[in-house]
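Architecture and fold: a report
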Amino acid sequence: MRYRVLGHTGLKVSTLSFGASSLGGVFREVDEAQSIRAVHISVERGINFIDVSPFYGLTQAETVLGKALKTIGREKYILATKVGRYGQEMKDFDFSASRVTASVEESLKRMGVEHVDLIQAHDIEFGSLEEVIGETIPALRKLQKAGKVRFVGVTGLPLAALRTVVEATPIDAILSYCHFELNDTALADMIPVFTKHRVGIINASPLGMGLLSNRGAPVWHPAPEEVKEMCARAAVHCRVRGASVEKLAVQYSLTNPDIATTLVGSANPKNMERNIAWAEEPIDQALLAEVLAILKPVHNVTWPSGRGENN
Ligand code: NAD
């Protein structure tokens with residue numbers, strides 16, 4: 001496993017990291033023992049960065065992750081969680097100082113830890129960016145002074161929203177998802193903005209939340225139909241070539257040295273073993289060129305998220 005420094009934080013994170021949303025059963029029903037094993041295998045094989053949120057499985061992911069972390073030394077992992085998002089509806093977002101402050105305490109208790117290394121405002125495009133900048137982040141900085149969190153970040157889909165926050169106030173890290181993967185590389189164009197501000201860059205969802213997999217996207221997936229279709233076509237192409245679209249997708253997500261880490265998730269330990277092994281192998285350049293050609297018609301085609309003005 002290789003490691004890269006996350007922006008100015010000094011945190012040395014594994015280039016492939018563990019996203020715990022699967023532990024909340026967001027993709028399918030999951031088995032708790034298997035989920036715990038997936039975390040343990042990941043850490044044993046060199047992953048040291050773990051990301052979760054109270055939103056995933058409506059606290060289930062944090063609860064299961066807490067059980068997995070019980071038997072792992074605290075120095076072995078860098079832990080990130082989130083605040084502000086607590087459900088699917090607009091009404092389930094609350095970025096107020098009082099809610100996010102209480103939320104961190106709840107997450108610490110749920111996971112059985114004294115601090116988290118990174119606290120992130122979750123999916124900021126669903127809130128008012130003025131509130132995120134003027135109220136949420138200052139509240140999180142207070143928790144930083146109190147030793148409950150070490151660094152502060154923001155997450156979201158529209159890169160424009162992440163940019164607005166980064167340019168308005170000091171931020172330690174951003175988490176972008178579905179924007180550096182085989183069918184979408186929009187994050188690469190925004191990297192100069194983030195590096196100028198010495199912001200750590202976290203990439204998430206190398207499989208496009210299931211788009212780039214043989215199982216295909218889950219029913220709730222927000223991508224337009226043509227993106228789903230082309231990604232399914234790419235998966236078939238890999239299969240016919242005796243290859244795996246998941247492998248190509250994981251490897252591709254690790255190719256940009258300015259991205260500190262890429263979060264991949266699975267509650268299946270075998271999948272995590274495979275993902276980690278693939279990260280060490282060279283990418284098949286010929287297959288990559290063929291798949292990029294298939295996906296070209298939908299390159300960077302994304303979907304709206306949150307408030308219109310934040311897209
Ligand atoms: P992903 O692209 O990692 O895809 C996950 C899906 O792929 C799951 O169904 C999983 O079982 C499957 N999978 C994983 N490895 C596989 C393999 N080797 N073979 C076959 N299938 C495999 O998407 P994700 O889980 O959404 O993203 C990873 C993490 O990134 C999340 O858990 C979360 O921590 C983070 N994330 C954060 C945000 C945000 O903050 N807004 C958004 C998206 C993701």
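Use the structure listed above.
All values derive from a computational prediction rather than experimental measurement. (Residues numbered from 1 in each chain as written. Predicted model: local features only at pLDDT ≥ 70, side-chain atom pairs only at ≥ 80, totals over all residues. Heavy atoms only, no water.)

Describing the overall build of the protein chain
Along the backbone of the protein chain there are 10 helices and 10 strands. Taken over the C-alpha trace, the protein chain has a radius of gyration of 18 Å; the compact-globule value for 311 residues is 19 Å, and the two agree within 12%. Viewed in the frame of its principal axes, the protein chain has a C-alpha envelope of about 55 × 45 × 35 Å. Summarising the internal contacts of the protein chain: among those between residues at least 6 apart in sequence, 77% fall at separations of at least 24. With the model as given, the accessible surface of the protein chain reaches about 12700 Å², and the carbon-plus-sulfur share is 52%. Computed over 34 positive and 35 negative side-chain charges, the inter-centroid distance for the protein chain is 5 Å. (Helix = DSSP H or I, 4+ residues; strand = E, 2+ residues; numbered from the N terminus. Rg over C-alpha atoms; globule rule 2.2 N^0.38 Å. Contact = heavy atoms within 4.5 Å. Areas by Shrake-Rupley, 256 points an atom, 1.4 Å probe, with all protein chains shown as cover. Lys, Arg positive; Asp, Glu negative; His and termini not counted. Charge placed at Lys NZ, Arg CZ, Asp CG, Glu CD.)

Considerations on the sheet that holds strand β9 (residues 200–204)
One closed barrel accounts for eight strands, arranged β3-β4-β5-β6-β7-β8-β9-β10; its pairing is parallel. Strand after strand, the sheet turns through a mean of 30° between neighbouring axes, direction not considered. Note: β9 against strand β10 (residues 261–264), three bridges, orientation parallel. Within β10, the residue paired with N203 across the bridge is T262. (Pairing = 2+ DSSP bridges. Axes fitted to C-alpha atoms, helices over the stretch in contact; angles between N-to-C directions.)

Considering the nonpolar core
Core analysis: the biggest nonpolar cluster contains 109 residues, and L65, V154, L182 and F194 have the highest contact counts within it. Dropping the residues within four chain positions of it, L65 is found in contact with A20, L23, V39, I50, V52, L79 and M111. (Core = buried A, V, L, I, M, F, W, Y, C linked by side-chain atoms within 4.5 Å. Buried < 20%, exposed > 50% of the residue type's maximum accessible area, 1.4 Å probe, protein only.)

A closer look at the pairing of strand β6 (residues 116–121)
Summarising burial for β6: six of the six residues are buried, a large majority. Sheet analysis places strand β5 (residues 78–83) next to β6, joined by four bridges and oriented parallel. Looking at the pairing, A80 lines up with L118 of β6. Regarding topology, helix α3 (residues 97–111) serves as the crossover connection from β5 to the parallel β6, and that connection is right-handed. (Right-handed = clockwise from strand over helix to strand, strands pointing away.)

Let's talk about the packing of aromatic side chains
Applying the stated rule across the entire model yields four aromatic pairs. When the centroid spacing of 6.0 Å and the interplanar angle of 50° are considered together, the rings of F55 and Y56 count as tilted. Across the pair, exposure class does not vary: F55 and Y56 are buried alike. The ring of F55 carries R85 above its face, with NZ or CZ at 4.2 Å from the centroid. One residue, R85, lies across the ring of F126, its end atom 5.0 Å from the ring centre. (Phe/Tyr/Trp six-rings, centres within 6.5 Å; stacked < 30°, edge-to-face > 60°. Lys NZ or Arg CZ within 6 Å of the ring centre and 35° of its normal.)

Points about the state of the cysteines
What we call a disulfide is simply a covalent bond connecting the sulfur atoms of a pair of cysteines. Tallied over the full model, the rule gives zero disulfides. With no disulfide of its own, C231 lies closest to C178 among cysteine sulfurs, the gap being 9.6 Å. Accessibility expressed as a relative area gives 0% for C231, which makes it buried. No disulfide involves C238; its sulfur sits 11 Å from the nearest other cysteine sulfur, which is in C231. (Disulfide = S-S within 2.5 Å.)

Regarding helix α8 (residues 245–253)
A large share of α8 lies buried, amounting to eight of its nine residues. Against β3 (16–19), β9, α7 (225–240), β10, α9 (269–280) and α10 (285–295) lie the buried residues of α8.

A few points about α7
Between its first and last C-alpha, α7 extends 23 Å over 16 residues, near the 22 Å set by a 1.5 Å rise per residue. Within α7 the residues assigned to the buried category are V227, M230, C231, A234, A235 and C238. Taken down its axis, α7 places every buried residue within 145° of arc, on the same side. The exposed set on the far side of α7, more than 90 degrees from its buried face, consists of E225 and V240. Looking at the buried positions of α7, the neighbouring elements they touch are α8 and α10. (Expected span 1.5 Å × (residues − 1). Arc of directions from axis to C-beta.)

Observations concerning the environment of G84
Mapped onto the elements, G84 comes out in the loop between β5 and α3. Classification of G84 by relative accessible area gives buried; the value is 0%. Considered as a pair, G84 and E44 are 40 residues apart in the sequence and their alpha carbons are 31 Å apart. Not counting residues up to four positions away in its chain, the partners in contact with G84 are D92, F93, D94, F95 and V100.

With respect to the pattern of salt bridges
Under the criterion given, the structure shown has 19 salt bridges. Note that K228 and E225 form a salt bridge whose closest N and O atoms lie 3.7 Å from each other. With a gap of three residues between them, K228 and E225 both fall in helix α7, about one helical turn apart. The closest approach of N and O atoms between E281 and K247, which form a salt bridge, is 2.7 Å. Here E281, found in the loop between α9 and α10, pairs with K247, found in helix α8; they are 34 residues apart in sequence, far enough to count as distant. Residue classification places E281 among the partly exposed residues on the basis of a relative accessible area of 35%. For K247, a relative accessible area of 25% puts it in the partly exposed group. Each of E62, R99, E106 and R110 takes part in salt bridges that share partners, so that together they form one network. (Salt bridge = Lys/Arg side-chain N within 4 Å of Asp/Glu carboxyl O.)

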